[in-house]
Amino acid sequence: MNGSRIAAVGHYQPARVLTNEDLAGLVDTSDEWITSRVGIRTRHIAGPDEPVDELAAHAAAKALAAAGLAPADIDLVLVATSTAVDRSPNMAARVAARLGIPSPAAMDVNVVCAGFTHALATADHAVRAGAAVRALVIGADKMSDVTDWTDRTTCVLVGDGAGAAVVEAVDEPGIGPVLWGSVPEMGHAVRIEGTPARFAQEGQSVYRWATTQLPPIARKACEKAGLAPEDLAAVVLHQANLRIIEPLAEKIGAVNAVVARDVAESGNTSAASIPLAFSKLVEQGAITTGDPVLLFGFGGNLSYAGQVVRCP
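The shown structure was predicted, so the numbers you read here are calculated from the model rather than taken from an experiment.

## Structural notes on the nonpolar core
When a protein is soluble and globular, its nonpolar side chains tend to lie buried together.
So, point 1. Of all hydrophobic cores here, the largest spans 48 residues; its most connected members are Trp209, Leu214, Leu232, Leu237, Leu294, Phe296 and Phe298.
So, point 2. Sorting the residues of this core by element identifies α2 (31-38), α7 (203-212), α8 (214-224), β11 (234-237), α9 (242-252), β13 (292-299) and β14 (303-310) as the ones contributing at least two each.
So, point 3. Here this core gets six residues from one element, more than from any other, and that element is α9.
So, point 4. Counting residues in each nonpolar core, the second largest holds 35 residues, with Ile6, Val111, Ala234 and Ala260 among its members.

## Let's talk about the packing of α7 against α9
So, point 1. Running from amino to carboxyl end, α7 crosses α9 at an angle of 20°, the nearest separation of the two axes being 8 Å. Relative to α9, the element α7 lies roughly parallel. Crossing of α7 over α9 shows right-handed handedness. Judged by residue contacts, Val206, Tyr207, Ala210 and Thr211 of α7 engage Arg243, Ile244, Pro247, Leu248 and Lys251 from α9.
So, point 2. Counted by class, the contact of α7 with α9 contains six nonpolar, one polar and two charged residues.

## A closer look at the pattern of salt bridges
So, point 1. Considering all chains together, one arrives at eleven salt bridges under this definition.
So, point 2. Across the salt bridge formed by Glu202 and Arg191, the nearest N and O atoms sit 3.8 Å from each other. Placement of Glu202 in the loop between β10 (198-201) and α7 and of Arg191 in strand β9 (residues 190-193) is noted, with a sequence separation of eleven residues between them.
So, point 3. By relative accessible area, which is 30% here, Glu202 ends up partly exposed.
So, point 4. Connected via shared salt-bridge partners are Arg5, Arg134 and Glu168.

## A word on the sheet that holds strand β4 (residues 76-80)
So, point 1. Taken in spatial order, the five strands line up as β1-β7-β6-β4-β5 in an open sheet, and their pairing is mixed. Both edges of this open sheet fall to β1 (3-12) and β5 (105-109), since each of them pairs with a single strand only. Taken pair by pair, the neighbouring strands of this sheet meet at an average axis angle of 20°, ignoring direction.
So, point 2. Two elements, β4 and strand β6 (residues 134-142), share five bridges in a ladder whose sense is parallel. Within β6, the position partnered with Val79 by the bridge is Ile138.
So, point 3. Against the sheet, helix α3 (residues 52-67) makes contact with β1, β6 and β7 (160-170), and its axis sits at roughly 125° relative to β1, the strand it touches most.

## So, the environment of Asn90
So, point 1. Note on placement: Asn90 falls in the loop between β4 and α4 (91-99).
So, point 2. Residues Asn90 and Val79, spaced eleven residues apart in sequence, show a C-alpha to C-alpha distance of 8.8 Å.
So, point 3. In this view, Asn90 contacts Ala106, Met107 and Asp108; residues no more than four positions away in its chain are not counted.
So, point 4. For Asn90, the side chain forms a polar contact with the main-chain nitrogen of Ala92, separated by 3.3 Å.

## Regarding helix α5 (residues 115-128)
Structural remark: α-helix, 3.6 residues per turn; residues separated by three or four positions point the same way.
So, point 1. Here α5 contains 14 residues, and its C-alpha end-to-end distance of 20 Å stays within 8% of the 20 Å for a straight helix at 1.5 Å per residue.
So, point 2. Counting buried positions along α5 yields eleven of 14 residues, so the element is predominantly enclosed.
So, point 3. All of the buried residues in α5 are Gly115, Phe116, Thr117, His118, Ala119, Leu120, Ala121, Ala123, Asp124, Ala126 and Val127.
So, point 4. Downstream of α5 by one or two residues, Gly130 has phi in the positive range, about 85°.

## Some thoughts on the sheet that holds β11
So, point 1. Taken together, the five strands give an open sheet; going across it, the order is β8-β14-β13-β11-β12, and neighbouring strands pair in mixed fashion. Bordering the open sheet on either side are β8 (179-182) and β12 (258-259), each of which pairs with just one other strand.
So, point 2. Along the sheet face, α8 touches β8, β13 and β14 and points at about 145° away from the line of β13.
So, point 3. Set on the sheet, α9 makes contact with β11, β12 and β13; between it and β11 the angle comes to about 135°.

Analysis parameters
Residues numbered from 1 in each chain as written. Predicted model: local features only at pLDDT ≥ 70, side-chain atom pairs only at ≥ 80, totals over all residues. Heavy atoms only, no water. Core = buried A, V, L, I, M, F, W, Y, C linked by side-chain atoms within 4.5 Å. Buried < 20%, exposed > 50% of the residue type's maximum accessible area, 1.4 Å probe, protein only. Helix = DSSP H or I, 4+ residues; strand = E, 2+ residues; numbered from the N terminus. Axes fitted to C-alpha atoms, helices over the stretch in contact; angles between N-to-C directions. Parallel < 35°, antiparallel > 145°, perpendicular 65-115°, else oblique. Left-handed = near helix turned anticlockwise from the far one by under 90°. Contact = heavy atoms within 4.5 Å. Nonpolar A, V, L, I, M, F, W, Y, C, P; charged D, E, K, R; others polar. Salt bridge = Lys/Arg side-chain N within 4 Å of Asp/Glu carboxyl O. Pairing = 2+ DSSP bridges. Polar contact = N/O pair within 3.5 Å; in protein donor to acceptor, adjacent residues only side chain to side chain. Expected span 1.5 Å × (residues − 1).

Structure below.
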């Protein structure tokens, strides 16, 4: 086999929906303030009895079912997350146990909001190298666990959820070369740290970096796949907020593409945001099999990773 492709996707969100009006009862904010600044209307929040690996397993089970595969068909599990509570067992092993995957390689990838695209590239590389045949790649985060619900600058942003993709070996590559990197000296701009761990960011610094430095990088990811931005059928950026997504998508130049705006319904779900939004576009029929889609993650560590994939 000369490459890999995404065979199927799936997503999962907790049942509880937290609206802007609900948040206005917790902190000094309003629906108008939130929607005008970040474009978010609602977000899904997991309960105390819904750990990250449960969210991840639900999304992964849907992806497996969509691919027509059994758990035993998977030999690599990668979970992108930055909200794991325990150090060991890792999330990937816990998901594998929940799904009954018998003996996979199981690894977590912590690159925060760019985690899924890093994990997808890692799965692609493993398959191309012959180290795996079929992989489950999952982005899952429970941001509500690391949020200060008295801080109106951050609590209005976050949501919980998971998205997953089944990656398998094929002759004709369906996952393009990754373009990835970071600005480690600016890693302090997005943080989940402390005891208890809390999410914090320097919003203006992130906004300037994302809207000025990332467009040429995203265009180069298209070039590595042999495509021009106008050839894209869809662009799925990390769902940070609409004030970043819309200008970034415009500057990339994907004039014919559907631009994912799931942040309005789901909030910022960190590593879950790209597979969650991608899976919804597939489910809604907004894109069809074989369509070229740019996936581009960015955020924590001021890391980024993007690749063009073919829609399953």
